[in-house]
Amino acid sequence: MSNSYDLRSYQEDALDSIRDCSGPNKSLVMPTGSGKTRVALYYAQQLIDEGKSVAYIAKTEAHAEQVLREAELIGTDVAYIPGKQSLDDESEIEERQWDIDDYNIGIHTGVFSYSGYFLGSGVPRAEHLIIDDAHAVVSQDISLGAVELNRSEWGRRYNDLLDLIKETNPLLEDHINGLQHPVHREGDAVLVPPPKNEEAVEAIRERVSTLSDGTGYHKYLLRQRLDANPEFINWPCVVTSDSICWRPFVLPFEASGQPPHNNIEEEELLLLTSTTESEEFLQYRLGLSSNVNQAQLAEEPPEMGSRIVIPYPDLGAYSPPNESQLNIIEQWAEEFGSVLVSVSSDAAYARLAAGLNSNISTHRYQSDQSIDDFESLQEPRVLTLVNQPSGIDIRSSVCKVGIHLDLPYSTSGHEAIAGDVESSGNVADASLAVRLSQLLGRLNRDPDDKSVHLILAGDLPLTRGSIFVRSLDPAVLLDILIGKRGIKRDYRLPDDDELIEEVGDFFNGDDDLRERYRERQETARERYLQGSTNDFSPSPDQVVEANLYSARGNFTEAARMFESLARNADSEGFNAEASYFDFQGVCCGLVDDVDLREIYGRDVSSLIDQALQRNPPSNALVAALRQAQPDTDSGSDESQRQLTEMRLRQEGFMHYQYNIEEFEDDIQGSDLTDIEVWRDYWRNRLTSSDHEELLDSYIRVFQLLGTDTPHREIENNDAKVQWETQPGEIFTVALETKGWGEDQRDTPSELKVDHIIQARDNAENIDADGVLLVSSREGYERDVPTEAENREVAWFDKPTALAIADLIAEQCVTFHRITERATGQDEIPHDALIFSTIIKENPGGEVIPGDIRSELTID
């Protein structure tokens with residue numbers, strides 16, 4: 001039995017606080033490196049002395065070994081019990097069973113990896129369960145619960161797959177293309193529904209599968225994910241500018257990671273974590289039915305010092321170190337005397353030792369004795385870590401500077417999946433952050449420790465201007481974001497003399513470098529810890545259950561859960577959130593053997609209509625729902641037209657949402673549900689604008705009528721405008737505008753025959769179905785009507801422009817009422833079919849005001 005005199009005073013206080021904490025679910029919150037493991041082992045020993053059974057869960061086998069070393073150091077009774085599948089020898093299996101028997105009757109604490117305890121290992125449940133680093137515990141089923149591909153990792157083959165996704169989702173092609181050059185789409189991601197036919201399913205599945213052929217870490221990880229998720233193709237897919245990710249579940253808000261799939265049944269649960277404000281987060285993550293109570297510390301642990309992390313992904317090397325990396329290591333070693341360098345392999349260490357300048361001493365870390373040996377060397381000197389995952393006690397007085405050419409490998413159990421529909425949860429980012437946390441976790445042990453770390457690793461998913469991640473389980477960021485640590489987001493080469501001087505000032509007590517980034521990181525951390533939007537928070541049990549049913553391919557049961565979630569959200573008045581759950585049900589319904597009529601009482605098409613009627617504010621969701629609409633290969637012309645009208649009008653509403661700030665800026669202080677306000681606004685734009693302003697205005701007009709964003713100045717045309725006239729058929733118009741602003745009153749402003757000829761000639765360059773010439777002023781040459789008829793150019797001037805202004809005013813009033821939830825999308829009055837119908841029926845005639853005003857619904 002151990003004695004608690006090995007504990008520091010604040011650790012003794014922590015031990016007492018666990019005892020004093022009420023409830024079955026407790027958490028102990030202490031900073032990384034402050035001794036949570038030691039405190040928990042003492043607590044476990046007290047329980048063992050009382051005859052209780054105790055299981056201590058570490059994240060991986062490597063971390064379990066670290067717990068064993070700590071237990072041996074302080075003299076607590078523990079035994080490591082590996083997973084059954086990891087043993088081949090009969091004697092090892094027999095010895096494991098003896099340890100399990102002793103653990104079960106409370107002779108010693110059983111130490112397990114997460115998988116060794118939870119995942120089918122035949123271990124009896126303990127009375128008391130201690131989970132170390134609880135914020136990072138994620139079951140393998142869930143950590144593999146996504147199939148993600150990054151552009152930087154797959155290159156040309158990524159682009160080929162993206163082209164296939166666009167080909168099978170034609171309504172989303174413009175959205176996906178817009179991610180690279182965003183012009184009109186809201187958000188930075190496109191939500192893609194599962195394919196609607198077996199041919200597309202097999203094409204995408206085969207294309208992804210071929211990516212996993214061959215050797216290499218990325219291919220290995222992809223194979224693991226494909227093996228774990230054979231049904232991934234039936235999940236929603238999130239496409240960003242640089243990633244494609246299939247997920248079993250998409251939440252309508254930022255998620256805090258997913259809980260393990262086993263229920264916690266132990267008598268008492270103690271969760272060890274370094275995240276503050278963790279109670280609700282841990283309860284959600286672990287799927288607990290009762291609250292988590294945090295042990296209250298009377299004495300706060302000391303701060304663990306400060307570190308600054310500066311990533312330089314452009315300086316990475318396929319086989320580190322390269323010449324640039326060697327030069328940087330030499331320069332920083334000569335400036336600061338001692339430098340820590342991390343590599344991931346023996347071969348990299350050999351290249352490092354051979355490549356450094358001969359006046360720099362190198363030494364490899366293998367044990368605590370290595371520190372004494374290293375300090376005996378003459379400066380400048382380099383201490384090298386070779387794939388060391390954690391538990392390294394190196395004071396910053398030994399090495400203030402760390403230069404990392406690679407980071408230790410992390411297990412898939414740490415890779416958390418984010419659930420924010422508007423950005424992709426990057427599993428590789430999560431893995432990186434964990435690897436960094438594992439490496440740096442103990443390098444700053446004392447309050448006065450200061451260190452700076454350069455990350456020179458090209459294959460790591462670090463992007464400039466980001467905090468490693470966009471949408472990520474906050475747990476993997478904790479060691480970086482907590483306290484006074486920070487990540488530098490301005491980038492200068494690490495051999496920049498100004499940066500080296502600034503780092504020197506930081507070591508000498510000037511905190512400007514640290515404080516510059518501390519506030520923004522704390523703000524980011526708070527944002528990542530927010531788990532819901534508004535006041536709606538679905539039951540964690542339901543969320544987890546729906547996720548896991550989808551992940552395991554049980555789409556019928558998943559659809560039942562999504563139906564329940566949507567119903568609950570709707571009953572609480574959260575229609576937008578309910579639409580996300582409707583979409584999940586739609587995705588399940590696209591699987592052949594799922595009968596949505598039995599579950600929802602409606603088919604896929606009707607469920608999509610319901611989701612759209614909820615007026616979801618996310619353009620990505622609306623576009624995905626439109627793409628998921630069943631193809632209509634048969635049926636009446638009227639049903640075809642109704643389907644097309646619906647899609648165009650929903651598209652118009654999406655454009656309105658995207659441009660609403662522009663409208664609000666232009667019409668400041670006015671009631672946007674007042675038709676007269678909008679009439680004045682659009683009449684002014686369409687009748688008193690010069691050429692460029694008029695073109696801008698008509699581009700906006702066509703957007704609000706549901707067309708794709710017009711392409712400006714294409715092959716000498718002012719704009720190329722396209723829209724559907726029926727499912728699968730696109731109508732293309734060459735648009736020419738002639739505008740004369742107020743400052744051009746004295747210049748000739750009438751339409752001329754030359755304008756007609758020019759419009760027709762330019763239209764030939766883009767193979768347009770029709771030509772439309774518009775003017776902001778009244779008047780035209782006598783021969784314009786005849787020439788327009790002969791050359792098939794539709795045209796109009798000011799009187800018709802006024803009618804169009806009134807039509808778009810009606811459209812905007814309805815759109816704004818929809819944003820205020822005063823009406824539904826089925827009330828949208830207008831779409832671009834009015835123009836295709838007019839141009840088809842009279843391709844060379846004047847568009848008269850009556851053609852437009854006959855469509856108006858408001859006097």
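Residues numbered from 1 in each chain as written. Predicted model: local features only at pLDDT ≥ 70, side-chain atom pairs only at ≥ 80, totals over all residues. Heavy atoms only, no water.

Engineer: Just checking my understanding: could you explain the overall build of the chain for this structure?
Structural biologist: Per the secondary structure count, the chain includes 33 helices and 23 strands. Going through the 859 residues of the chain one by one, you find that 59% of them count as buried. In the chain, the share of contacts with a sequence separation of at least 24, taken over all contacts with a separation of at least 6, comes to 74%. A total accessible area of about 34,100 Å² is found for the chain, and carbon and sulfur atoms account for 40% of it. (Helix = DSSP H or I, 4+ residues; strand = E, 2+ residues; numbered from the N terminus. Buried < 20%, exposed > 50% of the residue type's maximum accessible area, 1.4 Å probe, protein only. Contact = heavy atoms within 4.5 Å. Areas by Shrake-Rupley, 256 points an atom, 1.4 Å probe, with all protein chains shown as cover.)

Engineer: I'm lost on helix H13 (residues 323-336) in this one. Help?
Structural biologist: Since the α-helix advances by 3.6 residues per turn, residues separated by three or four positions end up pointing in the same direction. Between the first and last C-alpha of H13 there are 20 Å, a value that for 14 residues agrees with the 20 Å anticipated at 1.5 Å per step. Taken together, the buried positions of H13 are Gln 325, Leu 326, Ile 328, Ile 329, Glu 330, Trp 332 and Ala 333. On its buried face, H13 is in contact with strand E13 (338-343), helix H14 (346-355), strand E15 (381-386), strand E16 (401-404), strand E17 (450-455) and helix H18 (497-507). Just past H13, the residue Gly 337 takes up positive phi, approximately 85 degrees. (Expected span 1.5 Å × (residues − 1).)

Engineer: Can you help me understand the nonpolar core in this one?
Structural biologist: Nonpolar side chains in soluble globular proteins generally cluster together in the buried interior. Ranked by internal contacts, the top residues of the largest apolar core, which has 65 residues, are Leu 161, Val 208, Ile 244 and Trp 246. Leu 672, Phe 731, Ile 852 and Leu 856 belong to the second-largest nonpolar core, a separate cluster that totals 52 residues. (Core = buried A, V, L, I, M, F, W, Y, C linked by side-chain atoms within 4.5 Å.)

Engineer: I keep staring at the pattern of salt bridges and nothing clicks. Help me out?
Structural biologist: Opposite charge on two side chains lets them pair, provided their charged atoms get close. Tallied over the entire structure, the rule returns 24 salt bridges. Between Asp 603 and Arg 597 there is a salt bridge, with its nearest N and O atoms 3.1 Å apart. One salt bridge in this structure joins Asp 806 and Arg 683, with 2.8 Å as the shortest N-O distance. Of the two residues, Asp 806 is situated in helix H31 (residues 798-819) and Arg 683 in helix H27 (residues 675-687); the sequence distance between them amounts to 123 residues. Residue Asp 806 is classed as buried on the basis of its relative accessible area of 3%. (Salt bridge = Lys/Arg side-chain N within 4 Å of Asp/Glu carboxyl O.)

Engineer: Would you explain the confidence of the model for the chain in this entry?
Structural biologist: Summing up the model confidence of the chain, the mean pLDDT is 76 and the portion of residues at 70 or higher is 73%. Highest mean pLDDT in the chain belongs to strand E23 (residues 794-796) (94); lowest belongs to helix H17 (residues 478-481) (31). Confidence drops under pLDDT 50 across residues 138-144; counting only partners more than four residues distant or on other chains, this segment forms 28 contacts. Here residues 459-491 is modelled with pLDDT under 50, and outside its nearest four sequence neighbours on either side it reaches 126 contacts, counting other chains as well. (pLDDT = per-residue confidence, 0-100.)

Engineer: Could you clarify how one ought to interpret the packing of aromatic side chains in this entry?
Structural biologist: Centre distance and the angle of the planes are the two values used to describe a pair of aromatic rings. Going through the model one piece at a time under the given rule, you end up with 19 aromatic pairs. Measuring from ring centre to ring centre gives 4.8 Å for Tyr 780 and Trp 795, while their planes differ by 70 degrees; the resulting arrangement is edge-to-face. Of this pair, Tyr 780 sits in the loop between strand E22 (770-775) and helix H30 (784-791) while Trp 795 sits in strand E23; the two residues are 15 residues apart in sequence, bridging distant segments of the chain. Relative accessible area serves as the criterion here: at 35%, Tyr 780 is assigned to the partly exposed category. By way of ring pairs, the aromatic residues Phe 653, Tyr 656, Phe 663, Trp 678, Tyr 681, Trp 682 and Phe 815 are connected into one cluster. Across the ring face of Tyr 349, the terminal group of Arg 364 is positioned such that the distance to the ring centre comes to 5.5 Å. Here Arg 381 stacks its cationic end above the ring of Phe 374, 4.9 Å away from the centre of that ring. (Phe/Tyr/Trp six-rings, centres within 6.5 Å; stacked < 30°, edge-to-face > 60°. Lys NZ or Arg CZ within 6 Å of the ring centre and 35° of its normal.)

Engineer: Even after reading the chapter, I still don't get the sheet that holds strand E1 (residues 25-29), so can you show me in this structure?
Structural biologist: By definition, the strands of a sheet pair up through backbone hydrogen bonds, in either a parallel or an antiparallel sense. An order of E3-E4-E2-E5-E10-E1-E11 is seen for the seven strands of this open sheet, with the pairing classed as parallel. Unpaired on one side and paired on the other, strand E3 (78-80) and strand E11 (293-294) mark the two borders of the sheet. Relative to E11, E1 runs parallel, the two sharing two bridges. When the sheet's bridge partners are listed, Ser 27 is paired in E11 with Gln 294. In this fold helix H1 (residues 9-20) packs onto E1 and strand E10 (268-273), with an angle of close to 165 degrees to the strand it touches most, E1. (Pairing = 2+ DSSP bridges. Axes fitted to C-alpha atoms, helices over the stretch in contact; angles between N-to-C directions.)

Engineer: Honestly, unusual backbone geometry in this entry has me stumped. Any pointers?
Structural biologist: The phi torsion of most residues other than glycine is negative, and most of the peptide bonds are trans. Along the chain, Glu 379 connects to Pro 380 via a cis peptide bond; the corresponding omega equals -5 degrees. Along the polypeptide, Pro 380 turns up in the loop between helix H15 (368-375) and E15. Even without glycine at this site, Asp 767 takes up a positive phi of about 50 degrees. Of note, Asp 767 is situated in the loop between helix H29 (753-763) and E22. One non-glycine residue with positive phi stands out, namely Glu 792, at about 55 degrees. By secondary structure assignment, the location of Glu 792 is in the loop between H30 and E23. Judged by its relative accessible area of 42%, Glu 792 is partly exposed.

Engineer: Can you help me understand the pairing of strand E9 (residues 243-246) in this one?
Structural biologist: Walk down a regular strand and you will see the side chains alternate between the two sheet faces. Side chains Ser 243 and Cys 245 of E9 all project onto a buried face; the interleaved residues Ile 244 and Trp 246 project onto the opposite face, where all are buried too. In terms of strand pairing, strand E6 (residues 147-150) meets E9 through four bridges, oriented antiparallel. Counted as the bridge partner of Glu 148 is Cys 245 from E9. The sheet contact formed by strand E8 (residues 237-240) and E9 spans three bridges and is antiparallel. Note on E9: the bridge partner recorded for Val 238 is Cys 245.

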